[in-house]
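Chains, contacts and geometry: an overview
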Amino acid sequence: MSEQIEDKEQDVKEKEEETTEIYPQTGESTAEQPEDDGEPGSDGEEVHADRTTTDVLEAEEAEPDLHDDAEQLIELQKPETVGKLTDVLETVEEAETQADLPDDVEQLREPQRKENVGNSTATVKVVLVPEGHVMTVAFAIGLSIQELKCHLASELRVPADVLQISLDGRVVEEQKSLMELGVRPHGSTRMEMSSTDPTTHPLRPVRPPEHDNMPDVITVRVQTDEGEFQEVVVEIERPRQQKAFLGGYRHRLTGVEYHHAALQTLPKRRPDRGVVVFSRETQTVKVKSQAQQCPVNVYTQMTGIGCYVSCMNDKLVAPSNYITADEYHDRRLKAVIRLQSFVRRWLAQQEVNRLRRERERRMAWLELQERRRREEKEEQLRDRRQRMMNPRRREDINLLYQALEKWRCEEEQRINSTLRGAERKAALCSLLEQETQQIATIGRHQIAIQNDNYDKTVRNFLDKCAAPHQWRAADGGLIEMDSPHTIRARELRDLYSNINLFTVSREARRDALTTLKHTVQEHECQLTRDIVDLIDREVDLMTCGVKAANLEGLRKRISTLFLQYIKIPAFNPEVAKLLKVPQNPSQLRNTMFLCRSCYRYLPSGDFSPSANTRLSGRCHECTSLDNIARTRNDYSYYKNILKRLRADEQQLNKEAKIPFLLQVEDMRYLVEVVWTSRSALQASKDLFNLVFVRWERQRDWSPWNCILLSKEEISAHVQVEDVHKAYEATFIRRIEHKHTLARRHFSQISVMAEYLDSQPSASLGNQLVSKPITMATGKHATNTTPASAH
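Because the structure is predicted, anything quoted here is derived from the model rather than measured.

Here is what the cut-offs are and how they apply
- Residues numbered from 1 in each chain as written.
- Predicted model: local features only at pLDDT ≥ 70, side-chain atom pairs only at ≥ 80, totals over all residues.
- Heavy atoms only, no water.
- Helix = DSSP H or I, 4+ residues; strand = E, 2+ residues; numbered from the N terminus.
- Buried < 20%, exposed > 50% of the residue type's maximum accessible area, 1.4 Å probe, protein only.
- Contact = heavy atoms within 4.5 Å.
- Areas by Shrake-Rupley, 256 points an atom, 1.4 Å probe, with all protein chains shown as cover.
- Pairing = 2+ DSSP bridges.
- Axes fitted to C-alpha atoms, helices over the stretch in contact; angles between N-to-C directions.
- Core = buried A, V, L, I, M, F, W, Y, C linked by side-chain atoms within 4.5 Å.
- Phe/Tyr/Trp six-rings, centres within 6.5 Å; stacked < 30°, edge-to-face > 60°.
- Lys NZ or Arg CZ within 6 Å of the ring centre and 35° of its normal.
- Parallel < 35°, antiparallel > 145°, perpendicular 65-115°, else oblique.
- Nonpolar A, V, L, I, M, F, W, Y, C, P; charged D, E, K, R; others polar.
- Expected span 1.5 Å × (residues − 1).
- Arc of directions from axis to C-beta.
- Left-handed = near helix turned anticlockwise from the far one by under 90°.
- Salt bridge = Lys/Arg side-chain N within 4 Å of Asp/Glu carboxyl O.
- Disulfide = S-S within 2.5 Å.
- pLDDT = per-residue confidence, 0-100.

Quick look at the overall build of the protein now. Counting its secondary structure elements, the protein contains 23 helices and 18 strands. Counting across all 790 residues of the protein, residues that qualify as buried make up 28%. Of the contacts made within the protein by residues no fewer than 6 positions apart, 56% connect residues no fewer than 24 positions apart. Accessible area for the protein stands at about 54800 Å²; split by element, carbon and sulfur atoms hold 51% of it.

Structure representation (structure tokens):
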């Protein structure tokens, strides 16, 4: 062993003489070891032995203190170095021994090598053309090129049939293996791979090379035991950043540079002990030194021999009174109290300013609410005057008749109070004549309104016929569907609109008449024959040059007859659902009723139900006519109250039903009979300003859970949580009495009886009797007093 160490020392000395140590320099680029020196050769075991010896020598050359012979001898005498040299010498001797084996032994080992040669691996470097990217794969040399293409196709995510592999500029056949191409076990080869369809399937790595962390692969054959070898696959990681240059050595003869290897492994992380540890900087207190002495040197000079110091600016300092500790603390206490008084004064001023701002904001809000109510009332009066000056609906006509009745009553009262005898009779006759003239004027307005609304009514009727069928889908969207009947109705509507255009040219009018003629000729009846005759007559007159003003009557006849044609279900099936008279005679028995005033059979929709859910004896037209002739009441007040009540309850509870069951007549009964047309708190009689709200906020609105208030009183009532604590007992009993009257009246309606509370209305006995109200006068007068009052 000592002889081997001495030989090794001699080799090291010779190696030192041939090498020169180099060190890193600032700003210089780092040269890397050539790639050929780091790759395994193709000489099998001898190359492995040479590679191991070279590695040991390079490790020894990396020591920076090899110049000193004494230190070299100490290093070589260490157990670790002796073990390394022993392994190297054993490996060299084994290689030499294997080289001197007779040919018979080599022949015996040859079959075994042929069996394992197909399973041996080699390093294959594939260059992607034309990008130039390199892929390194460890591949068995017994596999075919086709299998190599399949593996690379899965890595590159392209079809295998578009890949083309070439070696030394020649395309390689897919059936050949790497062994047939001359690749030795544990060797390396370089191939080029291109795509036959570079436009559709270009060859590029999945990630860019700078972001690719795919390792290069080499296969190293290592001897484990005597006569046994093991193939080890080594992965070489490509670093993402430039490694630091740590120095190295340069061979004096060949000029090859060997650099020191940088650290490749991460530092070992300390185990977490479960205790939060802080650095020293966070545990120490920063101390700041500050001098207390005056930065300027102060000195005193007195008058002396040869020096005169003036005393003109001197001050006489006399000691003040001595202050005890109690006096000092008393003075501090007074100062603190004074500071507190100033602070409390400032806080009081802030609070006063806050209260003043809140008061101003409250007054501004009240003024805004008052101005809004005033503007709303003015808007209602303005709208009322506009409706009286330009009536457009039936409610506007009722408003005119109510104003006329009010004027008549005032004039009659004035005549009865100021005149007597014949003058009174003459004045009453004059008043009657004026009333007659006013009624005639209102009647002319009503006729003009009907004529103006006729075209709008017909247009709405035709639009309803032509409207498609609609329903809501599961996702909330609106689905529309056209049927053949709706398409037919839409065609008739468009044709009717073209017929009523009298300002078009003669050619357009003639085309519209021709289309109408072909349309009505599809059905043969007396109505269609009359329409065709009128169309031919108008065409002849237009041919003769008759003016359009003279053809106005003829055109109106054609329009009227065509409208009758549209309203016949046989010609327009979609109109059947809009006709008042059903086509099925069996439906007439249940929906048609006789009006006791005009003696006409009308559908149930033309009658108003009474409190007992029975239809009244008169239809809507007769009721309106009787109102115009006798009482002349305007129900727009109650209609507005009901409309606002429904809107408010819809916001509070979307499932509210009782406000939508009430009609205008029911609202009139509640206002006039139950609540006597005045608010419950301030007794306001302005119907424009009255609103129904809930009596108890937690319960839904109903005639027995409501209160009639003005708009000014609502804001205060809606803030009340418990009415029994906010109002007096007398006021609560008066409200409960009105609720009992409403309960008794509406309990006669079967639909409303379902929503009655469990509390029986008869608990108060027969002492509570509702006030009767006469809805009309004369022989058709009806009394709405409940049955319990009799």
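The subject of this paragraph is the sheet that holds strand β3 (residues 134–140). Spatially, five strands are ordered β3-β2-β6-β4-β5 in an open sheet, and the strand pairing comes out mixed. Only two strands of the sheet have a single partner each, and these edge strands are β3 and β5 (170–171). Where strand β2 (residues 121–128) lies against β3, seven bridges are found, and the strand directions are antiparallel. Paired with Thr123 across the strands is Ala138, a residue of β3. Here helix α7 (residues 145–156) sits on the sheet in contact with β2, β3, β4 (163–167) and β6 (188–195), set at roughly 135° to β3.

Residues Met667, Trp675, Phe692 and Ile707 are the most contacted members of the largest nonpolar core, which totals 39 residues. Contributing elements (two or more residues each) for this core: α17 (636–652), α19 (664–674), β17 (690–694), β18 (706–710) and α22 (729–746). The element contributing the most residues to this core is α19, with six residues. Discounting chain neighbours no more than four positions away, the residues touching Trp675 are Leu670, Ala680, Phe692, Cys706, Ile707, Leu708, Ile735, Lys738 and His739.

What follows covers the packing of aromatic side chains. Inspection of the entire model under this criterion finds 10 aromatic pairs. Where Tyr727 meets Phe731, the ring centres are 5.1 Å apart and the plane angle is 40°; that geometry is what we call tilted. Ring-pair connections join several aromatic residues into one group, and the members of that group are Tyr496, Phe562, Tyr565 and Phe571. Across from the ring centre of Phe461, 5.6 Å away, lies the NZ or CZ of Lys567, which sits over that ring.

Let us now look at the packing of α17 against α19. Relative to each other, α17 and α19 sit at 100°, their axes nearing to 9 Å. As judged from the angle between their axes, α17 and α19 are roughly perpendicular. Residue-level contacts link Tyr638, Lys639, Ile641, Leu642 and Leu645 of α17 to Val664, Met667, Arg668, Val671 and Glu672 of α19. Of the residues assigned to the contact of α17 with α19, the class counts are seven nonpolar, no polar and three charged.

Turning our eyes to something else, we now look at α7. Between its terminal C-alpha atoms α7 stretches 16 Å, which fits the 16 Å expected from 12 residues at 1.5 Å a residue. Those residues of α7 lying buried are Ile145, Leu148, Lys149, Leu152, Ala153 and Leu156. Summarising the axial view, the buried residues of α7 lie within an arc of 135°, below the 170-degree limit, and thus occupy one face. The positive-phi residue at the C-terminal boundary of α7 is Arg157, with phi of around 60°.

Next up on the list: the packing of α19 against α22. Two numbers describe how α19 lies on α22: the axes approach to 11 Å, and their chain directions differ by 145°. Regarding α19 and α22, the two cross each other, and that crossing is right-handed. Each of Asp666, Tyr669, Leu670 and Val674 in α19 lies in contact with α22, whose residues at this interface are Lys738, Ala742, His745 and Phe746. Class assignment for the residues of the contact of α19 with α22 results in five nonpolar, one polar and two charged.

Moving on to the pattern of salt bridges. The full count for this structure, using the stated rule, is 36 salt bridges. As a salt-bridge pair, Glu712 and Arg373 come within 3.2 Å of each other at their nearest N and O atoms. With a gap of 339 residues between them, Glu712 in helix α20 (residues 711–717) and Arg373 in helix α8 (residues 325–389) connect regions that are remote in the sequence. Taking the shortest distance from any N to any O, the salt bridge between Asp700 and Arg694 comes out at 3.6 Å. Judged by relative accessible area, Arg694 falls into the buried class, the value being 12%. When salt bridges that share partners are traced, they join Glu405, Arg408, Glu412, Glu435 and Arg632 into one network.

This next bit is on the state of the cysteines. Note on terminology: disulfide describes a covalent bond linking the sulfur atoms of two cysteines. Applying the stated criterion to the full structure yields zero disulfides. Free of any disulfide, Cys619 has its nearest cysteine sulfur in Cys622, 3.5 Å distant.

It is worth spelling out helix α11 (residues 484–499) at this point. Helical geometry: 3.6 residues make up each α-helical turn, so side chains three or four residues apart lie on a common side. In this model, α11 (16 residues) spans 23 Å end to end at C-alpha, consistent with the 22 Å of a helix rising 1.5 Å per residue. Within the span of α11, buried status applies to Thr486, Arg488, Ala489, Leu492, Leu495, Tyr496 and Ile499. Where α11 is buried, its residues touch α10 (421–466), β11 (469–472), α12 (506–520) and α14 (552–566).

Counted residue by residue, β4 has four buried out of five residues, so it is predominantly covered. The sheet contact formed by β4 and β6 spans four bridges and is antiparallel. In the sheet register, Gln164 faces β6, and the bridge partner there is Ser194. Pairing analysis gives two bridges linking β4 to β5, with the strands arranged antiparallel. Bridging across to β5, Leu167 finds its partner in Arg170. Between the end of β4 and the start of β5, which pair antiparallel, lie two residues, with Asp168 showing a positive phi angle near 60°.

Attention now goes to unusual backbone geometry. Located in the positive-phi region is Arg157, a residue other than glycine, with phi close to 60°. In this structure, Arg157 sits in the loop between α7 and β4. Of the residues examined, Arg157 reaches a relative accessible area of 68% and is grouped as exposed. Not every positive phi belongs to a glycine, and Ser677 is a case in point at roughly 60°. As for its placement among the helices and strands, Ser677 is situated in the loop between α19 and β17.

Of all residues in the protein, 73% attain a pLDDT of 70 or more, and the chain-wide mean is 75. Put simply, helix α3 (residues 45–61) is where the protein has its lowest mean pLDDT, 37, and α8 is where it has its highest, 92. Segment residues 23–115 is flagged for pLDDT under 50; beyond a separation of four residues in sequence, or across chains, it makes 88 contacts in the model. For the stretch residues 758–790, pLDDT sits under 50, and the model shows 44 contacts to residues farther than four places along the chain or on other chains.

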